Amino acid sequence: MPRITRRRVLAALGLAMLALGGALAATPVGKMSYYGVRAWLASKAHFKQCTPDPSIWCEPGAEGLAVTVAAMLPAAQARNVDAFGTRFAAPVRVNVYASDESFSRYSAGPPMAAGLVSLSEVHIAAKLAHWPQQRAGAILTHELAHLHLVQRMGVMGIPKMPNWFWEGLPTYISDGGGAGDVTRAEALWAFTHGRHLVPEDSGSIVAPKQAASYQLTHGMYYRQASVLIEWMDRRDPAAFRGLLAAVARGEAFAPALAQA
């Protein structure tokens, strides 16, 4: 039987910590932590205000997209203020990027994403420069809805909210932003044929249920979630507005939904 020495114990502990670190890195919270730290450490000192709107900051080379975003921003903000029934709780900052790689570096999101909210700022990817204005505007409106919630409930309030509501609400407010080419009719067909999400009443920071949890594409998941939000709003607009207010105050989703 091999002799157990201090060196062997430390080596075993080191291997265990590496294995645990690798396992955690594969979880959603682990990935968010890695990319979040990288984005937090990345300086945007070279960004500049390249439009008359002081809330828009662009990376050198993104001036054209910034002009497009500036034209869409007033309507996107107004739609959110109308939907939530209240103004943004803090000044809005929108970062516009010249490449999808730099978007990922500074936003803490994957390069394939079109927009993201992190560090209490909106980030718009370079790919939107090549999209139709209506689709790009929907993405901007979607991300501003995320920002509105973050400003009200804080980053730590997000895990209290089920992911379908977190993504479905901005998709509904933006009239399909994030759902891609998936239509409402296609989402309803999938619902009636058994290919659908199951709306839970609580969230999870470690293992949130997302599109892959139900073997759905992101577009279908976002569209189905927005259909549920639409149903809630149309069934009782006043109660729905009350639910939004309760969630924005940081109340747990399940009792807020029951009250509404």
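My aim in this report is to walk through the structure given alongside it, one point at a time. Every value quoted in this text rests on a predicted model; they were computed, and no experiment measured them.

### What about the packing of helix 7 (residues 184-192) against helix 8 (residues 218-235)?
Each pair of packed helices can be described by the angle between their axes along with the distance between the axes.
Piece 1. Axis separation between helix 7 and helix 8 bottoms out at 9 Å; the angle between their running directions is 90°. By the angle class used here, helix 7 and helix 8 are roughly perpendicular. Along its contact with helix 7, which presents Arg-184, Glu-186, Ala-187, Leu-188, Ala-190 and Phe-191, the element helix 8 presents Met-220, Arg-223, Gln-224, Val-227, Leu-228 and Glu-230.
Piece 2. Counted by class, the contact of helix 7 with helix 8 contains 7 nonpolar, 1 polar and 4 charged residues.

### Description of the state of the cysteines
Piece 1. Scanning the entire structure with this criterion turns up 1 disulfide.
Piece 2. For Cys-50, the disulfide goes to Cys-58, at an S-S distance of 2.2 Å.
Piece 3. Looking at Cys-50, the relative accessible area reads 23%, which means it is partly exposed.
Piece 4. On the accessibility criterion, Cys-58 (0% relative accessible area) is buried.

### Some points on the layout of surface pockets
Left-over empty space is what a probe sized like a water molecule reveals as it rolls over the atoms.
Piece 1. The volume enclosed by the second largest pocket comes to roughly 300 Å³.
Piece 2. Every residue lining the second largest pocket is counted, 14 residues in all, and those nearest its centre are Trp-231, Met-232, Arg-235, Leu-243 and Leu-257.
Piece 3. The set of elements that each furnish at least two residues to the lining of the second largest pocket consists of helix 8 and helix 9 (237-248).
Piece 4. Here the element with the most residues in the lining of the second largest pocket is helix 8; it accounts for 4 residues.
Piece 5. Residue composition of the lining of the second largest pocket, by class: 10 nonpolar, no polar and 4 charged.

### A few points about the side chain of Glu-200
Piece 1. Take Glu-200: it is sitting in the loop between helix 7 and helix 8.
Piece 2. The side chain of Glu-200 sits in the buried core without any salt bridge; Lys-209 is the nearest counter-charge, 5.4 Å away.
Piece 3. A distance of 3.3 Å separates a polar atom in the side chain of Glu-200 from a polar atom in the side chain of Tyr-214.

### Some points on the pattern of salt bridges
Piece 1. Applying the stated criterion to the full structure yields 8 salt bridges.
Piece 2. In this structure, the salt-bridge partner of Glu-121 is Lys-44, at a minimum N-O distance of 3.4 Å. Pair noted here: Glu-121 is in strand 4 (residues 121-124) and Lys-44 is in the loop between helix 2 (28-41) and strand 1 (56-58), with a separation of 77 residues, a long-range link.
Piece 3. Overall, Glu-121 belongs to the buried group, its relative accessible area being 16%.
Piece 4. Lys-44 gets classed as buried once you look at its relative accessible area, which sits at 16%.
Piece 5. When the shortest N-O distance is used, the salt bridge between Glu-63 and Lys-48 registers 3.4 Å. Of this pair, Glu-63 sits in helix 3 (residues 63-84) while Lys-48 sits in the loop between helix 2 and strand 1; the two residues are 15 residues apart in sequence, bridging distant segments of the chain.

### Looking at helix 6 (residues 163-173)
Piece 1. For helix 6, a buried count of 10 out of 11 residues is recorded, marking the element as mostly surrounded by other parts of the structure.
Piece 2. Here helix 6 has its buried residues at Asn-163, Trp-164, Phe-165, Trp-166, Glu-167, Gly-168, Leu-169, Pro-170, Thr-171 and Ile-173.
Piece 3. Lining the buried residues of helix 6 we find helix 3, helix 5 (133-153), helix 8, helix 9 and helix 10 (253-259).
Piece 4. Just past helix 6, the residue Asp-175 takes up positive phi, approximately 60°.

### Section: the nonpolar core
Side chains of nonpolar character tend, in soluble globular proteins, to be buried together.
Piece 1. Counting 57 residues, the largest nonpolar core has Val-69, Val-94, Leu-140, Leu-144, Trp-164, Phe-165 and Leu-169 as its most contacted members.
Piece 2. Broken down by element, this core gets its largest block of residues, 9 residues, from helix 5.
Piece 3. With sequence-adjacent residues up to four places away left out, Leu-140 is seen in contact with Val-69, Met-72, Leu-73, Ala-76, Val-94 and Ile-124.
Piece 4. Grouped together as the second largest cluster of nonpolar side chains are 7 residues, Ala-42, Phe-47, Tyr-97 and Tyr-106 included.

The rules behind the values
Residues numbered from 1 in each chain as written. Predicted model: local features only at pLDDT ≥ 70, side-chain atom pairs only at ≥ 80, totals over all residues. Heavy atoms only, no water. Axes fitted to C-alpha atoms, helices over the stretch in contact; angles between N-to-C directions. Helix = DSSP H or I, 4+ residues; strand = E, 2+ residues; numbered from the N terminus. Parallel < 35°, antiparallel > 145°, perpendicular 65-115°, else oblique. Contact = heavy atoms within 4.5 Å. Nonpolar A, V, L, I, M, F, W, Y, C, P; charged D, E, K, R; others polar. Disulfide = S-S within 2.5 Å. Buried < 20%, exposed > 50% of the residue type's maximum accessible area, 1.4 Å probe, protein only. 1 Å grid on protein atoms, 1.4 Å probe; cavity = no way out; pocket = protein on both sides within 12 Å on 5 of 7 lines; lining within 4 Å. Points joined across faces, edges and corners; volume = space filled by probe spheres on them. Lys, Arg positive; Asp, Glu negative; His and termini not counted. Salt bridge = Lys/Arg side-chain N within 4 Å of Asp/Glu carboxyl O. Polar contact = N/O pair within 3.5 Å; in protein donor to acceptor, adjacent residues only side chain to side chain. Core = buried A, V, L, I, M, F, W, Y, C linked by side-chain atoms within 4.5 Å.

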